[in-house]
Amino acid sequence: MTSAALPPSSVTVRVPAKVNLELLVGAPRGDGYHPLSTIFHAVNLFDEVTVMSAPEWGLAVSGPQSFGVPVDGTNLAARAAQKLAEVAGIDEAVHLTIRKDIPVAGGMAGGSADAAATLVACDVLWGTGLSRPELEEIAAGLGSDVPFLLGGGTAMGSGRGERLAPVLARGSYHWVFALSEAGLSTPAVYAECDRLRGDRAVPDPSPSAEMMTALRSGDARALGAALSNDLQAAAISLMPALGDVLDAGLEFGALGGIVSGSGPTVAFLAESNEAALDLAVSLTASGAVQDVRRATGPAHGAHVISAPRPG
Ligand code: C5P
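Computed from a predicted structure; not experimentally measured.

What counts as what
Residues numbered from 1 in each chain as written. Predicted model: local features only at pLDDT ≥ 70, side-chain atom pairs only at ≥ 80, totals over all residues. Heavy atoms only, no water. Near = heavy atom within 4 Å. Polar contact = N/O pair within 3.5 Å; in protein donor to acceptor, adjacent residues only side chain to side chain. Areas by Shrake-Rupley, 256 points an atom, 1.4 Å probe, with all protein chains shown as cover. Helix = DSSP H or I, 4+ residues; strand = E, 2+ residues; numbered from the N terminus. Nonpolar A, V, L, I, M, F, W, Y, C, P; charged D, E, K, R; others polar. Domains from an automatic or database assignment. Contact = heavy atoms within 4.5 Å. Buried area = accessible area lost by both parts, 1.4 Å probe. Salt bridge = Lys/Arg side-chain N within 4 Å of Asp/Glu carboxyl O. Pairing = 2+ DSSP bridges. Axes fitted to C-alpha atoms, helices over the stretch in contact; angles between N-to-C directions. UniProt positions renumbered as here; feature names shortened; annotations may be inferred. Buried < 20%, exposed > 50% of the residue type's maximum accessible area, 1.4 Å probe, protein only.

Brief notes about the site of the ligand
Move 1: What surrounds the ligand is the set Gly32, Tyr33, His34, Leu36, Gly143, Ser144, Arg160, Thr186, Pro187 and Tyr190.
Move 2: His34 is positioned with one of its side-chain polar atoms (N or O) 2.7 Å from an oxygen atom of the ligand.
Move 3: Within the contact set of the ligand, a nitrogen atom lies 3.0 Å away from a backbone nitrogen or oxygen of Arg160.
Move 4: Protein burial of the ligand: of its 450 Å² of free accessible surface, 76% is covered by the chains.
Move 5: Among the elements that line the shell around the ligand, the one with the most residues is helix α5 (residues 186-197), at three residues.
Move 6: Broken down by class, the residue content of the shell around the ligand amounts to four nonpolar, five polar and one charged.

This is the structure we're talking about:
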């Protein structure tokens, strides 16, 4: 057997974080999920997942954002590996190592990203030969954001977020993310959104013309004005300091600011790389924000960065 035919001894996949440029939320469905119309946008804040064949299932988490990540079978990445093994009929355990740089419980889909990365990594390690639609179906079963993280870029999501369609999106964008020390629970934020809406009739969500036009033009200023998130008021209601963070970023010249997904990370769009650097410095110096990250988008979805073969 040539070494090219041997399975890799390990596979490492890099996967981006996401921000929702538009997140429109309908009234809860019978299954408790909310129908969404969203524009996902992947940014180059990355986690890396390495999988290796092992006698027993195992998981280790490292990196700047590893605090609070579960290392047992409840971790979504571990569930992704087990689900793929089940579907592909693989009777092999793997050890997963997750290097986290995406904020945990931050509304940037870090857990979903790790699950998407694990699907891609185990697929290569095991040579399962599953098609992309088959992987997407497994991804959708794991979580609403997981299918998007397989492909990345900028895409429209509907259903509970798992149904993807391409959008015409030009340009590359400079972001500053204001991180929070505490996380927010996604179900709690959706529940707060329902509570704040009370008995008000909620229209079925559909993409706004303003967002579609901004994406087509590739104009950062238009995109900044079009950013919107129906979960923002709920996230601020649960964590009022987020309102001050948003005000600070806009005061320091951001083209637009938005709570990312269910929060509490706040995303600011900047005009240029330099403007992003200035904004990051101002936010940190103001004391309104404990930690900031700069990133650009769109970024590629989960992709293999190393798969060494023995010999
Ligand atoms: O799909 P995922 O597991 O990421 O969703 C986490 C939680 O967020 C769900 O259990 C649900 O409470 C809430 N959610 C929702 N509607 C969506 C997506 C998520 O209510 N479209």
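Let's pick the thread back up.
Quick look at the domain arrangement of the protein
Move 1: The assigned domain composition of the protein is domain 1 (3-167) and domain 2 (173-297).
Move 2: On a C-alpha basis, the centroid separation for the pair domain 1 and domain 2 is 23 Å.
Move 3: Between domain 1 and domain 2, the contact holds 31 residues from the first and 39 residues from the second.
Move 4: Counting the surface lost from both domain 1 and domain 2, the interface buries some 2600 Å², and carbon and sulfur atoms represent 61% of this.
Move 5: It is Leu21, Leu23 and Val25 in domain 1 that bury the most area against domain 2; as a group they hold 21% of the surface buried on that side.
Move 6: Along the contact surface separating domain 1 from domain 2 lie one salt bridge.
Move 7: Between Asp101 and Arg293 there is a salt bridge; the shortest N-O distance is 3.2 Å.
Move 8: For the interface between domain 1 and domain 2, the tally reads 15 residue pairs in polar contact (both at pLDDT 80 or more).
Move 9: Looking at the side of domain 1 that touches domain 2 residue by residue, the class counts come to 18 nonpolar, ten polar and three charged.

Let's talk about the sheet that holds strand β9 (residues 256-259)
Move 1: Within the open sheet, the four strands sit side by side as β9-β10-β7-β11. Their pairing is antiparallel. Edge strands, defined here as strands with exactly one partner in the open sheet, are β9 and β11 (291-297). Strand after strand, the sheet turns through a mean of 25° between neighbouring axes, direction not considered.
Move 2: Summarising the sheet, strand β7 (residues 173-179) and strand β10 (residues 266-270) pair through five bridges and their orientation is antiparallel. Directly across from Ala178, in β10, lies its bridge partner Val266.
Move 3: On top of the sheet, helix α10 (residues 273-286) reaches β7, β10 and β11; it is set at about 165° to β11, its chief contact.

Re the pattern of salt bridges
Move 1: By the definition in use, this model includes eleven salt bridges.
Move 2: Among the salt bridges present, the one from Arg195 reaches Glu192, with a minimum N-O distance of 2.9 Å. Here Glu192 and Arg195 lie together in helix α5, a separation of three residues that amounts to about one turn.
Move 3: One continuous salt-bridge network, built from bridges that share partners, spans Asp47, Lys100 and Asp114.

So, the UniProt feature "active site" (unreviewed entry) in the protein
Move 1: UniProt annotation of "active site" (unreviewed entry) refers to Lys18 and Asp145 when read in the numbering used here. Sequence-wise these annotated residues cover 128 residues; spatially they are packed, their C-alpha atoms never more than 8.9 Å apart.
Move 2: The residue Lys18 is located in strand β1 (residues 10-25) in this model.
Move 3: Beyond its immediate chain neighbours, meaning those up to four positions away, Lys18 contacts Phe40, His41, Ala42, Gly107, Met108, Ala109, Asp145, Phe148, Ser260 and Gly261.
Move 4: Side-chain polar atoms of Lys18 contact the backbone oxygen of Gly107, separated by 3.3 Å.
Move 5: Along the polypeptide, Asp145 turns up in the loop between α3 (132-142) and α4 (146-151).
Move 6: Residues contacting Asp145, with those up to four places away along its chain left out, are Lys18, Phe40, Ala109 and Ser112.

Brief notes about unusual backbone geometry
Move 1: Of the consecutive residues Gly263 and Pro264, the connecting peptide bond is found in the cis state with omega at 5°.
Move 2: Take Pro264: it is sitting in the loop between β9 and β10.
Move 3: We note that Ala105 has phi near 50°; this positive angle belongs to a residue other than glycine.
Move 4: With relative accessibility at 42%, the residue Ala105 sits in the partly exposed group.

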